[in-house]
Amino acid sequence: ACVTVSHKIKALCLHQRIPEADTTRPTNELVITGSFSISDMHGWLMGLLPDMPPKPPDPTDSSLAFSNTLLGTQLIARYRA
């Protein structure tokens, strides 16, 4: 049996892009898996996060790091093909 679960994720406007993640700070993780392209996923992230590059990074081993300006937590978007 298959179950479809749908969640609305609001834009993360309090996040800003940072050069790299700080391993000493708390980090949030959102895992999205499925049969979609890297370009599709990048488009979804562009709708959620500010300062996204116009094209997705190299999907073999890339990540983008963001910091929440209010809470000081981090969000890391990892791209894997």
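Numbering of residues starts from 1 in each chain and follows the order in which that chain's sequence is written. Totals for whole chains, interfaces and linings use every residue, but because this is a predicted model, local features are given only for residues with pLDDT of at least 70 and side-chain atom pairs only at 80 or more, for both listing and counting. Where side-chain values are given, they derive from all heavy atoms of the structure, hydrogens and water being excluded.

### Overview of the sheet that holds strand β4 (residues 74-79)
Across a sheet, paired strands are connected by hydrogen bonds in the backbone, their directions being either parallel or antiparallel. Put simply, the test is: Between any two strands, pairing holds if DSSP finds at least two bridges. Each helix is a run of H or I in the DSSP string that is no shorter than four residues. Each strand is a run of E no shorter than two, and both are numbered from the N terminus.
The sheet built from four strands is open, its strands ordered β1-β3-β4-β2 with mixed pairing. Either end of the sheet is taken by a strand with one partner, and the two such strands are β1 (15-18) and β2 (27-28). Sheet topology note: the β2/β4 ladder contains two bridges and is parallel. Bridged to threonine 27 within β4 is glutamine 74.

### So, a nonpolar patch on the surface
In plain terms, the rule: The residues that make up patches have over 30% relative accessible area and no salt bridge, and they are joined within 9 Å when like-charged or within 5 Å when they are Val, Leu, Ile, Met, Phe, Trp or Tyr. Surface exposure here means Shrake-Rupley accessible area, sampled with a 1.4 Å probe, where a residue is shielded only by the protein chains that are shown. A pair is scored as a salt bridge if a Lys or Arg side-chain nitrogen falls within 4 Å of a carboxyl oxygen belonging to Asp or Glu.
Nonpolar side chains collect at one region of the surface, where Ile9, Leu30, Ile32 and Trp44 lie side by side and expose about 380 Å² of accessible area between them. Considering the arrangement of structural elements, one finds isoleucine 32 in the loop between β2 and α1 (38-48).

### Focus on the environment of leucine 71
For leucine 71, the position within the fold is in the loop between β3 (62-68) and β4. For leucine 71 and leucine 14, which are 57 residues apart along the polypeptide, the C-alpha to C-alpha distance reads 9.0 Å.

### What to know about the nonpolar core
What counts, and what does not: To define a nonpolar core, start from buried Ala, Val, Leu, Ile, Met, Phe, Trp, Tyr and Cys residues and group those joined through side-chain atoms within 4.5 Å. Per-residue accessibility, obtained with a 1.4 Å probe over protein chains only, is compared with the maximum for each type, and a residue is labelled buried under 20%, exposed over 50%, and partly exposed between these values. We call two residues contacting when some pair of their heavy atoms lies within 4.5 Å.
Counting 10 residues, the largest nonpolar core consists of Met41, Leu45, Leu48, Leu49, Met52, Leu64, Phe66, Leu75, Ala77 and Tyr79. Elements represented by at least two residues in this core include exactly α1, β3 and β4. Sequence-distant contacts of leucine 64, that is, excluding residues within four places in its chain, are made with Arg17, Met52, Pro53, Leu75, Ile76, Ala77 and Tyr79.

### Some thoughts on unusual backbone geometry
Unlike most non-glycine residues, aspartate 51 shows phi in positive territory, near 65 degrees. In this fold, aspartate 51 is placed in the loop between α1 and β3.

### Comments concerning the layout of surface pockets
Quick note on the threshold: Of the grid points, spaced at 1 Å and generated over the protein atoms alone, those admitting a 1.4 Å probe that cannot get out make up cavities, while open sets with protein on both sides within 12 Å along at least five of seven lines make up pockets; any residue with an atom within 4 Å of a point is treated as lining. Grid points are joined across faces, edges and corners, and a volume is the space filled by probe spheres set on the points. Asp, Glu, Lys and Arg are counted as charged, while Ala, Val, Leu, Ile, Met, Phe, Trp, Tyr, Cys and Pro are counted as nonpolar; the rest, among them Gly, fall into the polar class.
Of the volumes computed, that of the largest pocket is approximately 570 Å³. Taken together, 22 residues line the largest pocket, and the ones lying closest to its centre are Leu30, Val31, Ile32, Met41 and Arg78. Top element by residues in the lining of the largest pocket is β4. It accounts for five residues. In terms of residue class, the lining of the largest pocket is made up of 16 nonpolar, three polar and three charged.

### A closer look at α1
The cut-off we apply is this: In this description, the arc belongs to the directions extending from the helix axis to the C-beta atoms.
Here α1 has its buried residues at Met41, His42, Leu45 and Leu48. Taken end-on, α1 shows its buried residues confined to a sector of 115 degrees, consistent with a single buried face.

### A few points about the side chain of histidine 42
Worth spelling out the cut-off: As used in this structure description, the phrase polar contact means that two N or O atoms lie within 3.5 Å; if the pair is within protein, one of them must be able to donate a hydrogen and the other to accept it, and residues adjacent in sequence are counted only when both atoms belong to side chains.
By the secondary structure assignment, histidine 42 is in helix α1. A distance of 2.6 Å separates a polar atom in the side chain of histidine 42 from a polar atom in the side chain of tyrosine 79. Beyond its immediate sequence surroundings of up to four residues, histidine 42 is in contact with Met52, Pro53, Pro54, Lys55, Pro56, Pro57 and Tyr79.

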